[in-house]
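# Working through the structure, step by step
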Amino acid sequence: MGTLYRPFIVRHLPGGTVKRERSRRWRMRWRDSGKGIHEESAFHDKAASRALMAQRETEQAQVDAGLLSSVQRQHGKAPFSEHLKAYLQGLEAEGRDDEHRQHVEAALARMAEFCGWGRLSDISAADLNRFLTEGLLIVRRLPDGKKTREPATANTRNHFRGYLKALCRWAFRTERLLRDPLISIEPEEGGEPRFLRRALTAEEAARLLAAAEGSGPDGLERAALYGCALEAGLRAGEAFALTWGDFLDGAESVLHLRPSTTKNRERIDQPIREALAGRLRALKAARAGAFPKATIFKKRWRLAETLRADLLAAGIPDDTEAGKVDYHSLRHTYVTLLARGGASLLLVQKLARHCSPDLTARVYIHLGLADRRGALAALPAQAAIAAAQAPGTAGSA
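Residues numbered from 1 in each chain as written. Predicted model: local features only at pLDDT ≥ 70, side-chain atom pairs only at ≥ 80, totals over all residues. Heavy atoms only, no water.

## Considerations on the overall build of the chain
Broken down by element type, the chain carries 16 helices and 12 strands. By residue count, 37% of the 397 residues in the chain fall in the buried class. Taking the intrachain contacts of the chain between residues at least 6 apart in sequence as the baseline, contacts between residues at least 24 apart amount to 54%. Put simply, the chain shows about 23300 Å² of open surface, and 54% of that area lies on carbon and sulfur atoms. (Helix = DSSP H or I, 4+ residues; strand = E, 2+ residues; numbered from the N terminus. Buried < 20%, exposed > 50% of the residue type's maximum accessible area, 1.4 Å probe, protein only. Contact = heavy atoms within 4.5 Å. Areas by Shrake-Rupley, 256 points an atom, 1.4 Å probe, with all protein chains shown as cover.)

## With respect to the pairing of strand S10 (residues 268-271)
Successive side chains on a regular strand alternate, one facing one side of the sheet and the next facing the other. The alternating pattern of S10 places Ile268 and Gln270 on a buried face, while none of Asp269 and Pro271, on the opposite face, is buried. Pairing of strand S9 (residues 254-257) with S10, which is carried by four bridges, proceeds in the antiparallel orientation. Looking across to S10, one finds that leucine 255 is bridged to glutamine 270. (Pairing = 2+ DSSP bridges.)

## Section: the pairing of strand S2 (residues 8-12)
As judged from the five bridges shared by S2 and strand S3 (residues 18-22), these two strands associate in the antiparallel manner. For isoleucine 9, the partnering residue across the bridge sits in S3 and is glutamate 21. Between the end of S2 and the start of S3, which pair antiparallel, lie five residues, with glycine 15 showing a positive phi angle near 85°.

## Structural notes on the side chain of threonine 243
Relative to the helices and strands, threonine 243 is located in the loop between helix H9 (236-240) and strand S8 (247-248). On the basis of relative accessible area, threonine 243 is assigned to the buried category, the value being 13%.

## Examining helix H13 (residues 345-352)
Those residues of H13 that fall on the buried side of the exposure criterion are Val348, Gln349, Leu351 and Ala352. Seen along its axis, H13 keeps its buried residues to an arc of 165°; they face one direction. Across H13 from its buried face, at more than 90 degrees, point the exposed residues Leu346 and Lys350. Looking at the buried positions of H13, the neighbouring elements they touch are S10, helix H12 (327-340) and helix H14 (357-364). One or two positions beyond H13, positive phi appears at arginine 353, with a value near 60°. (Arc of directions from axis to C-beta.)

## Some remarks on the packing of helix H5 (residues 125-135) against helix H6 (residues 154-173)
Between H5 and H6, whose axes approach to 11 Å, the crossing angle comes to 155°. Between H5 and H6, the angle is such that the two are roughly antiparallel. Two packed elements cross with a definite hand, and for H5 against H6 that hand is right-handed. On the side of H5, the interface is formed by Leu128, Phe131 and Leu132, while H6 contributes Arg157, Phe160, Arg161 and Leu164. (Axes fitted to C-alpha atoms, helices over the stretch in contact; angles between N-to-C directions. Parallel < 35°, antiparallel > 145°, perpendicular 65-115°, else oblique. Left-handed = near helix turned anticlockwise from the far one by under 90°.)

## A closer look at the sheet that holds S10
Pairing is antiparallel in the open sheet, where three strands are placed in the order S8-S9-S10. The open sheet has two free edges, formed respectively by S8 and S10, since each of these has just one partner strand. As paired strands, S8 and S9 are joined by two bridges and run antiparallel to one another. If you follow leucine 248 over to S9, its bridge partner there is valine 254.

## Describing the packing of aromatic side chains
Counting across every chain of the model gives four aromatic pairs. Between tyrosine 87 and tryptophan 170, the aromatic rings sit 5.2 Å apart at their centres with planes inclined by 50°, giving tilted as the arrangement. Here the residue tyrosine 87 occupies a position in helix H3 (residues 80-93), and tryptophan 170 occupies one in helix H6, the gap between them amounting to 83 residues. There is no split in this pair, since tyrosine 87 and tryptophan 170 are both buried. Ring geometry for phenylalanine 114 against phenylalanine 131: centres 5.7 Å apart, planes inclined by 70°, an arrangement best described as edge-to-face. Highlighted residues: phenylalanine 114 in helix H4 (residues 98-115) and phenylalanine 131 in helix H5, separated in sequence by 17 residues. The exposure class assigned to phenylalanine 131 is buried, which follows from its relative accessible area of 1%. Feature note: the residues Phe114, Phe131 and Phe160 constitute an aromatic cluster, connected by ring pairs. Taking NZ or CZ as reference, arginine 6 lies 5.4 Å from the ring centre of tryptophan 26, over its face. In this structure, arginine 20 is placed above the aromatic ring of phenylalanine 8, and the distance from its NZ or CZ to the ring centre is 3.9 Å. (Phe/Tyr/Trp six-rings, centres within 6.5 Å; stacked < 30°, edge-to-face > 60°. Lys NZ or Arg CZ within 6 Å of the ring centre and 35° of its normal.)

So, in structure tokens, the structure goes:
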């Protein structure tokens, strides 16, 4: 049984007077099975201090029984913010960029504030579901100027759900949690994209690269950046993370994608076309200080605005009934042109670095009526079918 007490403190008053009085804060003292003594400060309120004392005694009993390690017990005392800070430091050590860490921090802090999580052990699936339905609302402005709050899309809910699941997995691995409270939580199905993307045609892609390359002093750099998506299928974050050491130039040039920069956290050597390799060579030759560790794309433009301007210069609409064009649409274009070129679905999936061919076929490959009509042309003519089925011909029954 532990003990609650208020220790004496000594105050030195003016004139040399010494006053001995009880502290207003309670302290706790308890023993473990080895007769070791533990002490810890509690609260000013006695009832709250007694509740904390009961919690510490329960934890000590679990430690003595081997059900709880001393490391786990120590982590259990730390506030949520301290664990979040350690988690973000771990993400930085893994090479995750500042933008990603800021998104994670903002999302997790928002959830913790709404749910009132003071410690990691407060996290529960019920709290998460309550946040996703009641706390994750999107403010939209109506045509009349008024604002309305609407539920977030399934994709947005999955982002927040994924951030918290990743934190809980990390906390369990590092003995900060006894169990993963979200182990049974799965992503939500049926998420719709925020907007429909369209792929460029081969002719539009060529016009975009020509328009970018021929405009301004940084035109070659922009053309190379677009080429990384159009001709190698890179995502924006992967392209901006490239260094000159990742450009392996040769008879068959490749871009080396480091695990810290790829979505699936795997090392990839992505083959590239000679046209993209030529642009990168020209960019390297024109730039002083192109050291192996220097990033290829130094200028972090406002990419959406920059691409929109280059699309306009190339005479390409950025928003049609078929969908909008953004940087990720260039990756869609890469996948679609591979499919139109006759590459197998399995090979397209491999080059796109997707987890499944279903994702490649369902989301990224944009085939229209002309593509379907072209496929019909590969069917044998009706006369040839009739001849093959005629009696006495080879292969007849």
